[in-house]
Amino acid sequence: MNDDIGVPLLELCGVRASYGRIEALHGVDLVLPAGSVLALLGPNGAGKSTTLKVLGGLVPATRGCVHLAGRHINGTAPHELARAGVAMIPEGRGVFPRLTVHENLRMASHTGMDTATIEERAYERFPRLGERRRQLAGTMSGGEQQMLALARGLASDPAVLVLDELSMGLAPLIVAELYELVAQVAATGVSILVVEQFARTVLGVADLAAIMVGGRITAEGRPSEIEAELASAYLGDTT
Amino acid sequence: MSLLEVSDVTVRFGGNLALDAVSLQVSAGSVTGLIGPNGAGKTTMFNVITGLQPVDAGRVALDGTDITGVRPFRRARAGIARTFQRLESFGSMTVRENILVAAEVRRDRDGAAPRMATDALLDRLSLGDVADERTEELPTGRARLVEIARALATRPKLLLLDEPASGLSETEGDGLAVLLTELAQGGLGILLVEHDVPLVMRVCAQIFVLDFGAVLASGSAREIQADRNVQEAYLGTTEVVA
Amino acid sequence: MSFSEILQFTILGLATAGVYAVAASGLVVTYQTSGIFNFAHGAVGMIVAYVYWELRVRQHLPAPLAIFLALFVVAPLLGALIERLLMRHLSGSSVITRIVVTIGLLVGLLGVARVVWSGDITPPPNLPRFFGDNVVRFGGVNLPWHQIVVLICAVLVAVGLRLILKSTRLGVAMRAVVDDRELTGLNGCNPARTSMSAWMLGSFLAGLAGILIAPTLPGNLDQATLTLLVINAFAAAMVGRLRSLPMTFVGAIILGLASSYMDLGAAQMSSSPGWYDDVRGSLPVILLFVVLLVIPQERIKVSAATEKLGRIPRPSFRKGIIAGVSLVIGVAVVGQLLQGADLRALGVVVALAIVMLSYVPLTGYAGQISLAQLTFAGLGAYVAVVVVGPEGSLLGLIVAFVAAGVIGALVALPALRLHGLYLALGTMAFALVVENVIFAGDQNFSSGTRAFGRPSFLAGQHAYLIFMTVVFVVLGLGVLALRRGSYGRRLQALKDSPAASATIGMNQTYVKLAVFGFSAGIAGIGGYLLGCWKGQVGQSDFSLINGALPGLAVLLLAVVGGIAVIAGAFVGAVFLVAMPRLGEIFPSINNLMLIAPGLVGVTLARNPDGAVMQAVDRVRERFGDKDDDTVDGSVAADRDDPPVGPEDFVVGGRTASTAELAALDAGLGVTREDCGVPA
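Residues numbered from 1 in each chain as written. Chains lettered and ligands numbered in written order. Predicted model: local features only at pLDDT ≥ 70, side-chain atom pairs only at ≥ 80, totals over all residues. Heavy atoms only, no water.

### Concerning unusual backbone geometry
All names here are of chain A.
Now for step 1: Located in the positive-phi region is Glu-165, a residue other than glycine, with phi close to 50 degrees.
Now for step 2: Among the structural elements, Glu-165 can be located in the loop between β7 (160-164) and α7 (172-187).
Now for step 3: Classification of Glu-165 by relative accessible area gives buried; the value is 6%. (Helix = DSSP H or I, 4+ residues; strand = E, 2+ residues; numbered from the N terminus. Buried < 20%, exposed > 50% of the residue type's maximum accessible area, 1.4 Å probe, protein only.)

See below:
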């Protein structure tokens, strides 16, 4: 795990975003230093997913700036962002259920890498996927599907990996296992921005954390500094 | 005898168990809470109770009468009303028409004057100022109140509310809490799904916690807050080898 | 029946099946990748077949070159254009808009073909068979080489599609778009370009089917027949539930063999009974209808509407009556000024306006799509004239209303479980069966010589014109009363949210049956009036795609006028009748007028509320007038879309709260319980 906080790889300043007439982000400032893992936490509906969607190009920022390694990326189409090095795994399952494992990985080749290399790396990192190369992704277990999503995301050597609710609908044991994998990935130097419902789980692998409430960042810091505020943010007063 | 009695209901989607032998009860004259993380099966349970989702096993009874397999509109006429998490208001109609159409369907069965009932509900839920606006154009919070008014216009025995507080301001949220309490005092049975846990703790006499389609815990607000399993379901475990 | 005959008809059947399979797989590929069911698929095939004929026969190019140009240049280009100019703009639009835009394309392409090729060629030209009439002897029977070519092509398409979809990067991307369009973009693949490729492929397959089948048809390059061949493709594709290509091929084989064996049966009988020929002629439609009714339909869906809801005006009775009286006076005055063909055309406008009015409650208010309204009009006319006789009587109007209404409700009964596209296809199948069996079954009706009389006091042209206009106004006020009343609210509720209407206790079965019956009844009156106006009508007046006033164009222009607007019905009828009439009067714009209905149809992608609403908006913008009674937020919304403020975003005097955003987030990333579907 990195203790040194590097130069900003991804930077959001004053980002606002709306769905129709209703604004969901009211000026989000967030910095992801290169080589670090940042956990974005907060209660349901705080705007975490929207923030990630802005990064993935799925929702445009109406104000503010989004920079990737110093370049303006707001307004760029999702497929161009993916080629520019933002690998996003959306909420739910980040795989094509009616495509095989092999075909899912082949889709990643649209970012520029050739399929053979992608597969080689994916199976090296996640040997279980190699055993299921011809299987339809939708017939695998939830945990395996997320593994495949991670493999797909990592295939293109992304600058940043953006994970939205990796744990959605998975049993706690599987979630723990997945985050072990995330920690391994982080150890290889990939920068990661992660949104997660299970806050305590993700704080175990994060270098930095931010709490988001009501479309704004309300707290930032090291995981140890953030953890105390969590229970009340989620469950109300638990005394 | 409970107003609503759900016994051992199981629903499968493909291989997934969305609900796994879930039982719960709602009493007349009180608010019952149904909470749990995203994807726990809360909305599926609502669809089961209102008949939009057939069950693979188990039964649903209202007032002691088995209604499993009864068509949705007949259940509504038997006294079950609901709101929807993802809004299902009649978007191209005005707020007044949304309530009126429900009151008129009700009139088919008794003589109550629908227009008067509609005006009373507009007043009660403070929707008078937007009564003639197209519902689609309302902010989410107000649109949720329209759905509650529409549900009440059917004069139900059992009211199912799916995240009614999401989108409400703090004052509106307080107003909702008062409304729910009053409605319950008037004899209505209410089943409340809500992410605003403090609100649930405030108004519910009995709370059921769903996780992975099964009842994880049930009891009073205090019992639920103290439950370690519940905390884990919401926050995750700390035992991660990093 | 000898073995060799069975063998021969089996092979012929398989060849026919091959063509259907080729066409149907093109339909499935485009539907799956773009969500748009292309009613113009057959029309695309027709155009490509004509291009091939032009190059091969007229320009005397060698066959391989002509094939290459037609199938590998023109067809994909046409597909790419259709995607880029029309279909790309349809994301987020309602099912009815999607359907009507492709119907507009169908009508437009037919117009193009008439302009480019029909002017100087009647009867339709002949596309030669491959290898002429040469045959090969096989198992004791003679098989035309052409059919062998067809079989080989079908096999190549099956193998080729499988290879493309399974083994090429583009094919995998197409399947990926089907699975999850958004995720495709996140993988670095441009979904819009993938969809365009799918349309190019679909267009190629339509063209190939057109070239293969035209030489084997009785009418050869008859434009309407080729366009309607799409019904066979619909039926085959529906067996695969618009999803599975292998099942689509199975459907095509069932259809091809069944019709071939029925041909064999007919050849065995010295004279086959009438019903046998009816069934034989309508086999694809019957299969389509049966499959639609058999395939499992989804239950009432709980899903937030993502499509934009249309506007439904709600004028006051005062305004309705003023407008009605003005219309009667206007028609009377204009009628005095016109004579001959122009006067006849004006009467047709009024009668058709009544048929189009039937769309207002059914589709405009209740959101039920029917392609059979002109068919109900024909049925009303037919039953009424049979019952009251050719002398004519006002009783005929009542008979037409009741007969069409009862039939409408009966059609609605099996159609109750169909929604959206499936309902449109089901009513289309019904329309075609009625056309082929009932309308064609009566000798006078099929030849268009069934005589319709008028009561003596309405014998004069002008008197009858005014009478029809009064009927339109009365029915229009009836629809307005419906709109303003309790039942109208129920229709609208049903359209906006089926799930919520069930949970407030509405009996949807009853509401749907009633609206189908009522609107079919209105159409029936329109049909009977049309008959009495023209004196003689028949099959070609009530046909879905052939004939002077095709039923598809009736839906198209009803939507153009404004499907939920009473005045829109009249405006639509004016368009429908005036366009060809203008072309007759001014031959220089005749060509334009043939394409015009299609052109206005395809513009709907941008203006789904119709011409009348658009005009009203313009007037209001200019004069600031606002009809108090009209529920219309979107005009206001366009104007005062709130600017994003420097500080908090304020909605209704308050800040969007955390919980509100939860709903928003949920709206984008569907959680597994939202739809009752596992993730």
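Next comes the rest of the account.
### Remarks on the pattern of salt bridges
Now for step 1: Enumeration over the complete set of coordinates arrives at 27 salt bridges over all chains.
Now for step 2: A salt bridge links Glu119(A) to Arg133(A), with the shortest nitrogen-to-oxygen separation between them at 2.7 Å. Taken together, the residues Glu119(A) in helix α4 (residues 115-125) and Arg133(A) in the loop between α5 (127-131) and α6 (142-155) connect sequence positions 14 residues apart.
Now for step 3: Taking relative accessible area as the criterion, Arg133(A) reaches 27% and is therefore assigned partly exposed.
Now for step 4: Here Arg96(B) makes a salt bridge to Asp132(B), at a shortest N to O gap of 3.3 Å. (Salt bridge = Lys/Arg side-chain N within 4 Å of Asp/Glu carboxyl O.)

### Focus on the packing of aromatic side chains
Now for step 1: All told, the structure shown has 16 aromatic pairs over all chains when counted by the stated rule.
Now for step 2: Measuring from ring centre to ring centre gives 6.1 Å for Tyr31(C) and Phe37(C), while their planes differ by 75 degrees; the resulting arrangement is edge-to-face.
Now for step 3: Site record: aromatic cluster; members linked through ring pairs are Tyr31(C), Phe37(C), Phe39(C) and Phe234(C).
Now for step 4: Across the ring face of Phe90(B), the terminal group of Arg150(B) is positioned such that the distance to the ring centre comes to 4.5 Å.
Now for step 5: The ring of Tyr365(C) has Arg483(C) sitting right over it, with the charged end atom 6.0 Å from the ring centre. (Phe/Tyr/Trp six-rings, centres within 6.5 Å; stacked < 30°, edge-to-face > 60°. Lys NZ or Arg CZ within 6 Å of the ring centre and 35° of its normal.)

### Focus on the environment of Ala209(A)
All names here are of chain A.
Now for step 1: Its location among the elements puts Ala-209 in strand β9 (residues 208-213).
Now for step 2: Judged by its relative accessible area of 1%, Ala-209 falls in the buried class.
Now for step 3: Spatially, the C-alpha atom of Ala-209 lies 23 Å from that of Gly-94, the residues being 115 residues apart in sequence.
Now for step 4: Beyond its immediate chain neighbours, meaning those up to four positions away, Ala-209 contacts Leu-38, Ala-39, Leu-203, Ala-219, Glu-220, Gly-221 and Ile-226. (Contact = heavy atoms within 4.5 Å.)

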